[in-house]
Every structure is written in C-alpha cells, then in structure tokens.
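# A closer look at the structure
Given next are the chains, with one letter for each unit.
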Amino acid sequence: MLRSAALLLLFVVFRLFLGLPWIQVVPALLIFYLGSGGWTFLRIVIMTARRDVSTGYVVLLTRLKVWWYVKHKYTVPKLFQQAARKNPGKAALIFQGTGETWTFQDLDNYSNQVANFLYERGFRSGDVIALFMESRNQYVGLWLGMAKIGVEAALLNSHVRQESLLHCINISHSKAVVFGSELADALREVQPSLGKSIHLFCSGDWKAESILPGSEHLDPLIEKASRQSPTPPDKGFLDRLFYIYTSGTTGLPKAAIIVHCRYFRMAALVFNGFRMRQDDVVYDCLPLYHAAGNIVGVGQCVLHGMTVVIRKKFSASNFWEDCVKYNCTIVQYIGEICRYLLNQPSQEVERKHRVRMALGNGLRASIWKEFTERFGIPQIAEFYGATECNCSVGNFDNKLGACGFNSRILPNIYPINLVRVNEETMELIRGPDGLCIRCKPGEPGQLVGRIVQSDPLQRFDGYLNNEANNKKVARDVFTKGDCAYLTGDVLIMDELGYMFFRDRTGDTFRWKGENVSTTEVEGMLSRILNMTDVVVYGVEVPGTEGKAGMAAVVDPDQSCDLESFAEDMKKALPAYARPVFLRLLSEVHKTSTFKFQKMDLRKEGYDPNVVKDKLYFLEPRQCRYLPLNEDIFKRIQSGQMKL
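Note that the structure is a prediction, hence the values are computed from the model and not measured.

On the basis of which strands lie adjacent, the open sheet formed by seven strands has the order β7-β6-β5-β3-β4-β8-β9 and mixed pairing. The outermost strands of the open sheet, each flanked by one partner alone, are β7 (215-217) and β9 (255-259). Neighbour-to-neighbour, the strand axes of this sheet turn through a mean angle of 25 degrees, independent of strand direction. Bridge count for strand β3 (residues 128-132) against strand β4 (residues 152-155) is four bridges, and the pairing is parallel. Across the sheet, alanine 130 pairs through a bridge with alanine 154, a residue of β4. Its contacts with the sheet place helix α9 (residues 260-273) against β8 (240-245) and β9, and it is angled at close to 80 degrees to β9.

Most of β9 sits inside the fold, with five of its five residues counted as buried. Neither face of β9 is open: one carries Ala255, Ile257 and Val259, the other Ala256 and Ile258, and all of them are buried. Inspection of the sheet shows β8 paired to β9 by five bridges, in the antiparallel sense. Considered in β9, the bridge of isoleucine 244 is made with alanine 256.

Here the focus is the nonpolar core. Looking at soluble globular proteins, one finds that nonpolar side chains tend to be buried together. Residues Leu142, Trp143, Leu187, Phe242 and Tyr263 are the most contacted members of the largest nonpolar core, which totals 106 residues. The element contributing the most residues to this core is α9, with eight residues. Built from parts of two domains, this core gets at least three residues from each of domain 2 (73-313) and domain 3 (405-504). Setting aside its immediate chain neighbours within four residues, leucine 142 contacts Tyr110, Val114, Leu131, Met133, Val178, Leu218 and Ile222. Counting 47 residues, the second largest nonpolar core, distinct from the first, contains Phe565, Leu585, Tyr606 and Val611.

Before going further, it helps to spend a moment on the state of the cysteines. All told, the structure shown has zero disulfides when counted by the stated rule. Cysteine 483 takes part in no disulfide bond, and the closest cysteine sulfur to it belongs to cysteine 436, at a distance of 12 Å. Residue cysteine 483 is classed as buried on the basis of its relative accessible area, which comes to 17%. Of all cysteine sulfurs, the one in cysteine 560 lies closest to cysteine 623, which takes part in no disulfide; the gap is 14 Å. Residue cysteine 623 is classed as buried on the basis of its relative accessible area, which comes to 10%.

Calculation notes
- Residues numbered from 1 in each chain as written.
- Predicted model: local features only at pLDDT ≥ 70, side-chain atom pairs only at ≥ 80, totals over all residues.
- Heavy atoms only, no water.
- Pairing = 2+ DSSP bridges.
- Helix = DSSP H or I, 4+ residues; strand = E, 2+ residues; numbered from the N terminus.
- Axes fitted to C-alpha atoms, helices over the stretch in contact; angles between N-to-C directions.
- Contact = heavy atoms within 4.5 Å.
- Buried < 20%, exposed > 50% of the residue type's maximum accessible area, 1.4 Å probe, protein only.
- Core = buried A, V, L, I, M, F, W, Y, C linked by side-chain atoms within 4.5 Å.
- Domains from an automatic or database assignment.
- Disulfide = S-S within 2.5 Å.

Set out below in structure tokens:
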C-alpha cells in the first residue's frame, strides 16, 4: 500500500510539477518500484498471471451463469432436461454391479415416473423424503425425480444404524423413507421408533421373509406411473435441492443444506476449472450420499451430459479392470484410495487404461509423484472443499502437492484467507483491533471464507441444526461486523499462492515446543511401512508440556520389524515428530469417505489396562521401540521415566 502511494506521488511530481515526458517517467517509476522490493511482486505476476487469468475466466463464467439461473428461476432438473434433450440416446449412467446402462432418455423417463408417482401419493414441494440405499442408477433417478416436483431428498449414509439412523430421519422431518432392500434389516431396527405417519417404500428385491410391516414395493409402482414431465414446482436456484449428512468422526451426523445453486457451482467449477470434456467417462466409486460422489461425480452427468460409471463400493483389486472395461477417462478418489491402489501388486492392466485425470481430494504429497508415474495419469485434479463450505479451491494447473490456490495479484477477488489459530484448540488468534490476523506465505493457518448471503458464490446455506451453524461461523474476522465460514482445517500458502493441506481440526498437537502435523507424519510412516494404514494422534503424558505422539499401525500378521522401522523413522522424521508410543492392531475404523476415526484411539491412549493390542514406547537414548507393560506405564504416569 505504501509503495503504491509513493508511486502515485512520484507520478504526480514527475508529470504535473516537473512536466517530464512519458519516456522518462515510466523508467523512473519502474526503477523505484524494483528498488523498493517490488521485483518480488513482479516475479509473482509473471509466474502466476496465466493461472490467475484462466481461473478468473472460469469463475466469471460460473458467476454469470449463476446470475442468469437465479434471475430466471432455473433448477437442477431443468438443467438436466436441457442436457438430456441434446443427447437422449447417449449413455448417462452405467452400473458396474450389473452392467445396466441408462441413456439420458431412460434417466429422464425414470425420474419423471418417480415424480408422478410421488405426486399422486400426495407429496408436494417442500416435503422431505429420506433416501436410504446403496449406490446404483436408481439412486440418481430417485432424488432427481423428487426434485422435479420440489420434494427434498435427505440422503442418508448407508452405514448409519440405530440411534444415528433415527436421528437422520427425524432431524430432516422426513414424511417417507425410500430404502434399498439390502438395508431392510437396518431400517427394521428403528421402525418401532418411527412416526406412524411415515411411509416406507422398498426398492430392490422383494422377498417375503424380509418385508418390513407396512412397507410397499416401490419398483412396480414407479413402473406404472406416467413418463410425462410433471408440472415444475414454484422453486428457484436458491431453493433447497436435498440434504447431505456430514460424516464427522464425532457426534451425530449434521444435515447440510444443498440448494440448486450450490449443486451447480460445485459441479461447474470442477468441470470448467479442470477442463473436462463432454465425451469424458467418469469412474465414480464413491458413495452417492456424499458431495464428492453425487455432485462432483454424478453432477457431470446431470448438468454436462457426461457418462458416469457407478460402482457400489470401491475395490482396489478391480479398479483398473473397470476403467479399461468402460473406457473411463476420469477417475474419482478421496481419502486413502490412492494409497490403497499403490499398495496393490503391479499388474499389466493398470497401464492399459485411457485415464487422463484423477479427480478428488486427500492425495498425500508423499505419494503424489509415485501415483502419477506408476499409473501413467498426467493430471491430478486435486481440490479442497467441504460439502457446506463457501471457500473451495482447486489445483487447476497440476501443481504437485497443492490442493488449490488463491491469487497473490488480486487476493480480494476471491475473499478467502488463512488466519492464525492455535493449532491445538483451533481458537482464532486476534490482533489488538479484535480482528483475525492474516497469515503470511509459509505460515500455517485456518482457511476461512467471508460470508455474503446476497452473493450466491459466497453464501453459507448451513445445516438444519442452528447450533451447528453457530459453530462454523466467526464474526469480526476481516472487518468489524463481518462473518466468515470456519473450515476447521489448517493449510499453508506459498509465495505464489498455492495452498497445501496441513492438518484437520484438532489433529495437530504440540510436543517439545514444536507443532506436529499428524497428516505429514502419517504419510511418512505409511511410506516406510509400504503403504500400511497408520493413524497418528496426540496423547497426554503427566508432567510434560503438550502431547506425545502416538501411532496406531495396522499389523494383522504381526510382521512389523520394529528395529528397521525405528531406523528408517529416525532418518525421515525430526525427533519431536517421532511417535513416542506405538500400537499394533489388526485394523483401524474409517468413515465411509476413508477418513480415519481417531476419537476412540485418543481416549484409550497407551494404558495397557485399557488397550489389549500390543503397545510399545520409544526409548529416547537408543531410539528403539520397547514393549510397554503395566510397570513402565506406572513409571511414566508418576514421572519416574522421562520420554
């Protein structure tokens, strides 16, 4: 700011007071600019201008379309019908489980039948119906058909059971539940607690021995319904489309509100930003009850006329065979999927595919290059974003390890920032003026996005639970009176504006005066152990400051060579980042999006009276892992043994 003011002052003096010609003024200003440190900014401009301009065009194009669609009250079903009319005979969805292929005309007809059947049964715009089934073509047709008459689908995680399942149905105020026959037993467990007015419709195999009392077989009812397009509801682009439940590792699931505009912008920014093509074929093995599978993946079919191959469940051993069989050009990943693929034995089929892009989030930087080279995938389309957030970013130019970027030239065009936080408590650190402190390049901070409810690209639609909304919003962040969405994730931005994921909420801990990133340590230890599942977390040790690192390592065959492991770890990690405690177990629990669940592991800690798995501690002088028994545990707790 001071440099700009000085440049303006010099310009006024040179031109207005001294009357110097332009041929003298321009070089003089340039010399002053470079001499005052402006060369750094000039270098940033040269290195990032192309990236920023191309992405700016994508954002502008999306913004203009959103403005038009809001003004003319478009909806996702209306956009789908436009895509379907262009290519009625083109394959829209292919279900790997049966090989069943639906054209765009098939999907349009099926969703029309769903809409007409539900309307005949009295469901109206604004009603909610819970959808509880595994991934298949019908899943898409069901929520799309509901949307055609304004009914909002509550997309239930197919793995939730009992209390969580009942909570998800009740919090959405669902008037009916459409469930897959494969999940009938799960619904049977909560049926006595459901309201008597809730309708139950079963899709799939209809077997007499597994029929739920009071339920109806949905498939023949849909088959009899009219294929005519239903009368569109009085809804617009900012109205609710459906609900997606966050799969957090603690507490009951939260229902995030997805409006038509959010569905469009998430799918459109991915399509245009990563330069997808309408003739691409997407391999989607992610659950359709989450945004990655249903919006980022299936959204390319619904909005852009692409073919999407749906697989019920990710399979590392069949992944590349599927890609070759269906001529896939884009594959989706999330969490640890890429590591699982690298952990598979090499096979000839993994180089016979036509995949040009891997799309997703959560690819660790430690295996990024190895993944691209082994499988021959030229582009990693990594992005960062939560289902409900307003500050998604994308790695549109294939920068190794980055999850996205923000412009250093015009940083306020996209109002997101990294702000300083206490990495253990995630509490925002504020300056003397009460506002948050923006991070400098190279400084870790929490990613936040300014909320502007009047702007469709910056609004926060939130959750059905207002209490959950309050926890995700901070006030007085950039200016007095403003508010911003808190991602809860710590990222780092480099000099050019590229952002790199560091850690998730509460996962970072402090040991020996240093902050330890569990994500980085997990990635390094997993590489040392040949892509084994490793979970790292902090545990409290009496009489010490901070938390000691503990690693839970999956070792079902009890084949881990601790001496070799400790030696390799010593070379790869600084002393403060090396896990003090080690737990060898047969498996670790993960969410449906392949994120490790750490809460129970943290609670159990390293107490041999609680933990039945093998425990070890790092002997500091020898840097060797030794068995942790009850006697040593007591000595650590009493402070007699120093770590």
